[in-house]
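As a plain string of letters, each chain reads:
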Amino acid sequence: MRRRARKGGGRQIELVIEAIGARGDGYATVDGQPVFVPFTVAGDRVLARVTGTHAGGVRAEAVELLDEGPGRAPPPCPHFGLCGGCALQHLDEAHYVDWKQALVGRALAQRGIMDAPIEPLRRVGRQSRRRMVLAAAKHGGRLRLGLHERASHTVIDLETCLLVTPGLLALLPPLRTALQVLLADGETADVTASETDGGPDVLILSRTEPGLAARQALAELAQAADLARLSWGPTVRPGDAVAPEPVAIRRPPTLRFGDVVVEPPPGGFLQPTAEGEKLLVAAVLAGVPAGVGRVADLYAGCGTFTFPMVRQCRVHAVEGDDAALAALWTAARRADLAGRVSVEDRDLAREPLDAAELNAFDAVIFDPPRIGARDQAMALAASTVPAVVAVSCNPATFARDARILIDGGYRLAEVLPVDQFPWSDHVELVGRFSR
Ligand SMILES: C[S@@+](CC[C@H](N)C(=O)[O-])C[C@H]1O[C@@H](n2cnc3c(N)ncnc32)[C@H](O)[C@@H]1O
């Protein structure tokens, strides 16, 4: 395991790790406070150096492993320990699965939800991640492209990743060649690459608009990597919207949701794995009772759930990202589904659908970002909608929103955890509620 030695002293203490916390770090309790030590397992005896504070506790790093707890395994990736992408490769399969499964139960228990039936964790294979978001930085003429180091802005020059598809991994060398020309010294970029049915779809965001040489390098990248589409856009502050411009469109970057072909916008949200998407769609469909007339798909994205559902009911898709919603609507019209799909561009955090609006639907699906959908859950709790399906990538906000629904009279019939983010502290969930 590689780790960068941190400068400075810091108090050293001997600890016996009690358990692995929700963020994937082992912890021991000292003077009533948790001391978090990354890359440890329950039962480890470690000499640790205190490095700072952590939300609700103290942060430390292992200086020496004095005794090993059970469940350790050699991390398979050479970047593990330094790369911020994975936190748990030092666990064997059985301990890893137990920990991830327990994350869900613990999050629900913290909200007093003790009796929800939680399905066994569904897994996705390695090399299945079809969307990656990378950082690039050029310093002293040297370009780095990869993920950030743990708790740092330093970019790791990624040589490999065991999670992404071989097709995405193969993009790294030609991307480096183009970014070397595009970026001035000291400049950074964000790169989103997704695999679509038409081939890779790449979006590069950087500060300076590409000049002639950079445009030439980008055109060569599109050719060399056989990209479906390559887009460039300026780095903007969160909330400022600037539509990226296509630099090369060689084939349509399409995806199929149900039997509908969608062309997502550059960098658009996509479930990270095809296997995971299939499991989520099946769970969502199972949560919508047969024979219903109208369903609302809130936080609909480009239609991951809208289109698989639309053959059995009419769907109202609500989404705050204009480009995603436009892609959904274009796909609906092209598939001759304009009579079965309606769309609404709406910020659901500021203006959730209220109970009266919700009561027009027989079922509601909501799939918010990590912060969850507290106000929307409160409106649902005040509604009479018979069936609700909550999809989430954050057990903590899922549990908070589930509590709101349960307090409003819903019964949580089932929770399905899907490990779309192996070796990280993230887990995707689908909860089925009814009243
Ligand atoms: C986790 S993604 C799910 C997208 C889609 N359900 C899927 O599975 O592909 C969350 C979606 O919520 C949208 N979103 C984020 N904040 C929003 C808000 N305040 N109002 C409406 N939509 C929002 C994002 O643009 C994104 O499409």
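Note that the structure is a prediction, hence the values are computed from the model and not measured. (Residues numbered from 1 in each chain as written. Predicted model: local features only at pLDDT ≥ 70, side-chain atom pairs only at ≥ 80, totals over all residues. Heavy atoms only, no water.)

Participant: Help me out: how do you make sense of the nonpolar core in this one?
Facilitator: Looking at soluble globular proteins, one finds that nonpolar side chains tend to be buried together. One finds L179 and I204 to be the most contacted residues of the largest nonpolar core, which totals 81 residues. Here the element with the most residues in this core is helix α1 (residues 93-110); it accounts for 6 residues. Setting aside its immediate chain neighbours within four residues, L179 contacts A136, L143, L145, A189, V191 and I204. Formed by 36 residues, the second largest nonpolar core is a distinct cluster that contains L270, V315, L337 and V430. (Core = buried A, V, L, I, M, F, W, Y, C linked by side-chain atoms within 4.5 Å. Buried < 20%, exposed > 50% of the residue type's maximum accessible area, 1.4 Å probe, protein only. Helix = DSSP H or I, 4+ residues; strand = E, 2+ residues; numbered from the N terminus. Contact = heavy atoms within 4.5 Å.)

Participant: Help me understand the domain arrangement of the chain in this model?
Facilitator: How big an interface is tends to be expressed through the accessible area that disappears when the partners come together. The domain boundaries assigned to the chain delineate domain 1 (12-72), domain 2 (103-125 + 273-434) and domain 3 (131-257). Here domain 1 and domain 2 have C-alpha centroids that lie 36 Å from each other. (Domains from an automatic or database assignment.)

Participant: Help me out: how do you make sense of the sheet that holds strand β1 (residues 12-16) in this one?
Facilitator: Strands pair in a sheet through their backbones, by hydrogen bonds, and they do so in one of two ways: parallel or antiparallel. Taken in spatial order, the 6 strands line up as β1-β5-β6-β4-β3-β2 in an open sheet, and their pairing is mixed. With partners counted over all chains shown, the strands left at the sheet margins are β1 and β2 (19-20), one partner each. Relative to strand β3 (residues 26-30), β2 runs antiparallel, the two sharing 2 bridges. Considered in β3, the bridge of I20 is made with G26. (Pairing = 2+ DSSP bridges.)

Participant: Would you mind showing me how to read the packing of α1 against helix α10 (residues 395-407) here?
Facilitator: Angle between the axes and distance between the axes are the two parameters that describe a pair of packed helices. At a minimum axis separation of 8 Å, α1 and α10 run at an interaxial angle of 40 degrees. In terms of their interaxial angle, α1 and α10 are classed as oblique. Both α1 and α10 take part in a crossing whose hand is right-handed. Contact residues: L103, A107 and L108 in α1; P395, A396, F398 and A399 in α10. Looking at side-chain class alone, the contact of α1 with α10 contains 7 nonpolar, no polar and no charged residues. (Axes fitted to C-alpha atoms, helices over the stretch in contact; angles between N-to-C directions. Parallel < 35°, antiparallel > 145°, perpendicular 65-115°, else oblique. Left-handed = near helix turned anticlockwise from the far one by under 90°. Nonpolar A, V, L, I, M, F, W, Y, C, P; charged D, E, K, R; others polar.)

Participant: Just to check I follow, could you spell out the packing of helix α9 (residues 374-381) against α10 for this structure?
Facilitator: For the pair α9 and α10, interaxial distance at closest approach is 8 Å and the crossing angle is 15 degrees. Between α9 and α10, the angle falls in the class roughly parallel. For the pair α9 and α10, the crossing hand works out as right-handed. Residues R374, A377, M378, L380 and A381 of α9 form the contact with α10, whose own contacting residues are R400, D401, I404 and L405. Class assignment for the residues of the contact of α9 with α10 results in 6 nonpolar, no polar and 3 charged.

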